[in-house]
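Letter by letter, the chains look like this.
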There are 2 protein chains.
Amino acid sequence: MKAKDQALTIYDVAQRAGVSIASVSRVLNGHTTPRPETRERVLQAVAELGFVPDGAARALSSRLKEVVAVVYRQMWLDSADEPVFESEAENLAFVDVMNRGIEVAARRRNFDLLMSSVDVHDHLPVARLHSLAGKSDGILLHDRVLTPAAIVRLADRLPVVTLAGTPTRASVNVVGDNATGMRELVQHLIEVHDARTIAFLSGHADSPDSVMRAKAVQETAAAHGVTALLGPAWEGEYSANGGARVIRNLLDGGGTLPDAIACANDQSALGAVYALRERGYGIPEDVLVTGFDDIPLARHTSPPLTTVRQPVQQMGTAAFDALYSMIDGKKPEQRQLTLPVELVLRGSCGCVPQNAGGRGLS
Amino acid sequence: MKAKDQALTIYDVAQRAGVSIASVSRVLNGHTTPRPETRERVLQAVAELGFVPDGAARALSSRLKEVVAVVYRQMWLDSADEPVFESEAENLAFVDVMNRGIEVAARRRNFDLLMSSVDVHDHLPVARLHSLAGKSDGILLHDRVLTPAAIVRLADRLPVVTLAGTPTRASVNVVGDNATGMRELVQHLIEVHDARTIAFLSGHADSPDSVMRAKAVQETAAAHGVTALLGPAWEGEYSANGGARVIRNLLDGGGTLPDAIACANDQSALGAVYALRERGYGIPEDVLVTGFDDIPLARHTSPPLTTVRQPVQQMGTAAFDALYSMIDGKKPEQRQLTLPVELVLRGSCGCVPQNAGGRGLS
DNA sequence: CGCCTTCGAGTAAGCGCTTACGCAAGCGCT
DNA sequence: AGCGCTTGCGTAAGCGCTTACTCGAAGGCG
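Residues numbered from 1 in each chain as written. Chains lettered and ligands numbered in written order. Predicted model: local features only at pLDDT ≥ 70, side-chain atom pairs only at ≥ 80, totals over all residues.

One finds Leu140 and Ala272 of chain A together with Leu140 and Ala272 of chain B to be the most contacted residues of the largest nonpolar core, which totals 189 residues. Ala272 of chain B has contacts with Leu201, Gly243, Ala244, Val246, Ile247, Ile261, Cys263 and Val289 of chain B, leaving out every residue within four places of it along the chain. (Core = buried A, V, L, I, M, F, W, Y, C linked by C-beta atoms within 7 Å. Buried ≥ 20, exposed ≤ 12 C-beta atoms within 10 Å, placed from the backbone. Contact = placed C-beta atoms within 7 Å.)

Structure follows, in structure tokens:
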């Protein structure tokens, strides 16, 4: 056996099998050309030697690395100090489930993933972006890791797909149908539960998802002659802590509660509920609260959270598939893929939680 | 600007800067040779063109991909059905925090990570392993993704470091000091809380960590003339569900509780506590329960969990650093790196939770 | 029975970089 | 002034693969 510092090459295999390197390559790549007998000899030599072709050489020669980079934001969960909500770990859920979807899709194409996370507060350093770009065939960007301008610049060099972002001239974007989901939710709050004032507890101000949802709240409210509350005071940053903070600030400042609070995501809804309870308000008796995403935890809280289910994992697979076809040289027929969402009525909006879990009586 | 399908090369940059490709390469790699003036010209051309060198070509030429693969097990959290403990998402915590450590260390060396997860129930398919091996300079394996035999085979081809596994002839392993941690914990239970029977609620039977901890429980108990309970009936699989299952089976089968239950990790301790409460047992009044790892949640449960803190993130960085030096051609001076752990006394073993969080009175 | 096609397999030309080697120019020394 | 050094840069040889091109053998046909 060869030592690992004197790595095997295709020549070693060819020699051992008594064929040319071209044949070895053809066998390894599943071409039809070599006849069974030759193929057998090569396969045997490969097995005996334990040969693994060098990815860099393959990539250089075939102009395909079979690698895509995924960049996402990550809570630098510094366990020790801040009063962590037990559910805060769920923060990961949204991005994680999406990444799972990406991974599943990637595996189908024999691609591997270069994962790179950015602290929530930082931007992606250019050097790191270049490093990733050089090592991959395309890049998948989660929400808010790069400015639109930077995305355009990047997308001019290699395929780029964004998740829950905005499409650009050169990149494709994958989102849940925020407008429809939020519209239906708000309509429900108004028509069924008779809400007359509805606040939108937003995510990050620069998050396209949050912006779209805010817009839907505003428009739907307006269409029904209902008051919509939005703005900096209602910025929850997508986190449970952020959601709780908004509520506490409001109440500490002597503000009055709206009839309903539509939160930008489940995370912040959980935080809001927590803070409201803390001050003695009942949900849904005193105020209706809704989320967005339908994270697993949403059905287990009390009351169970009314929310809009996004097909998170599918968004991941759709994003990879879109990127893959761009890598494959096809130009995308749409700049944006919008996936359908589903209104999920549970207890927190005042609906009886009878069919909350989607299953019958057990 | 060039179209993306006709990618830029170092020749384009050289031409534009009026120098040779060698100079461009030297500038890009931070060599000292080119003088400031030349360097400036090159840098300018690079910036104007938006040139990003091809990773595959660099890797092939320099014999360094600057990529390591990380393989870990992942709960295929299928949200919908099983009665998920709220904390089950924390399952991710251990591996995730370690991966964070790896990422931090990798970044320092300008390495990127090829992340690949395996379902808890599967093994890593050979094809996937080969794909990863071909695309990286070395591999980091979490617990139980490969059999020891497979690890040896792999480690003969390229550097391999395992996390919480066992060292092999060719691979290095990084672990917390299971023996010391568990010994001190059991000693504490015996000497301070007077436990006369101690059960070890294990993790997976083939997990080296679990085996080491079991051994420590057994030996320490024996040394003190205390009864240790172990075996298949006490196998909790590291999960909250598993921990709860063990307790329920025990009680349903009419078994009697030991004085103390030392769990293989915090996860399963949480599950055990949950199931014990369910049946009306108080912790620590009726039975002492302890964990291992000190996940963030451990301090927030009631009672707060007595456990052994592992330096999880450092284990990740240590693993990467070890792998890096192997990639660098150095042969490791030790086959195993053991990181120190720390006994953390909280309420669940009967200690007053006065200094539970490590902070003074607030 | 010879010619043209088909097919398996080998030869060699890159893929886009890094770097050993070599050359020319500039320097200090005798 | 002549010598050998150093220094800055260009030339060209790979790195380990894939694949276009080529060639010989085998088979189908008139």
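From this point, things continue past the structure.
All right, on to the protein's contact with DNA strand D then. Around DNA strand D, 27 residues are found, and the nearest of them are Ile10 and Ser25 of chain A together with Ser20, Ala22 and Thr38 of chain B. The set of elements that each furnish at least two residues to the surface near DNA strand D consists of helix H2 (21-28) and helix H4 (55-62) of chain A together with helix H2 (21-28) and helix H4 (55-62) of chain B. The residue makeup of the surface near DNA strand D, split by class, is 13 nonpolar, 10 polar and 4 charged. (Near = placed C-beta within 6 Å. Helix = DSSP H or I, 4+ residues; strand = E, 2+ residues; numbered from the N terminus. Nonpolar A, V, L, I, M, F, W, Y, C, P; charged D, E, K, R; others polar.)

Taken together, 27 residues sit near DNA strand C, with Ser20 and Ala22 of chain A together with Ile10, Ser25 and Ser61 of chain B positioned nearest. Among the elements of the structure, H2 and H4 of chain A together with H2 and H4 of chain B are those that each provide at least two residues to the surface near DNA strand C. Taken together, the residues of the surface near DNA strand C sort by class into 13 nonpolar, 10 polar and 4 charged.

Right, let's talk about the sheet that holds strand S7 (residues 227-229) of chain B for a bit. Residues and elements named next belong to chain B. Pairing is parallel in the open sheet, where 4 strands are placed in the order S7-S6-S8-S9. The sheet is open, and its two edges are formed by S7 and strand S9 (288-290), each paired on a single side. Averaged over all adjacent pairs, the angle separating strand axes in this sheet is 20°, with direction ignored. Sheet topology note: the strand S8 (residues 260-263)/S9 ladder contains 3 bridges and is parallel. The residue of S9 that forms the bridge with Ala260 is Leu288. Across the sheet, helix H8 (residues 178-191) is in contact with strand S6 (197-201), S8 and S9; its angle to S8 comes to roughly 170°. Helix-sheet contacts for helix H9 (residues 208-223) involve S6, S7 and S8, and the interaxial angle to S6 is about 170°. (Pairing = 2+ DSSP bridges. Axes fitted to C-alpha atoms, helices over the stretch in contact; angles between N-to-C directions.)

All right, on to unusual backbone geometry then. Following Ser302 of chain A, the chain continues to Pro303 of chain A via a peptide bond in cis, the omega torsion being -5°. Its place among the elements puts Pro303 of chain A in the loop between strand S9 (288-290) and strand S10 (307-309). Here the residue pair Ile283 of chain B and Pro284 of chain B is connected by a cis peptide bond, since its omega of 10° sits within 30 degrees of zero. Here Pro284 of chain B lies in the loop between helix H11 (266-278) and S9.

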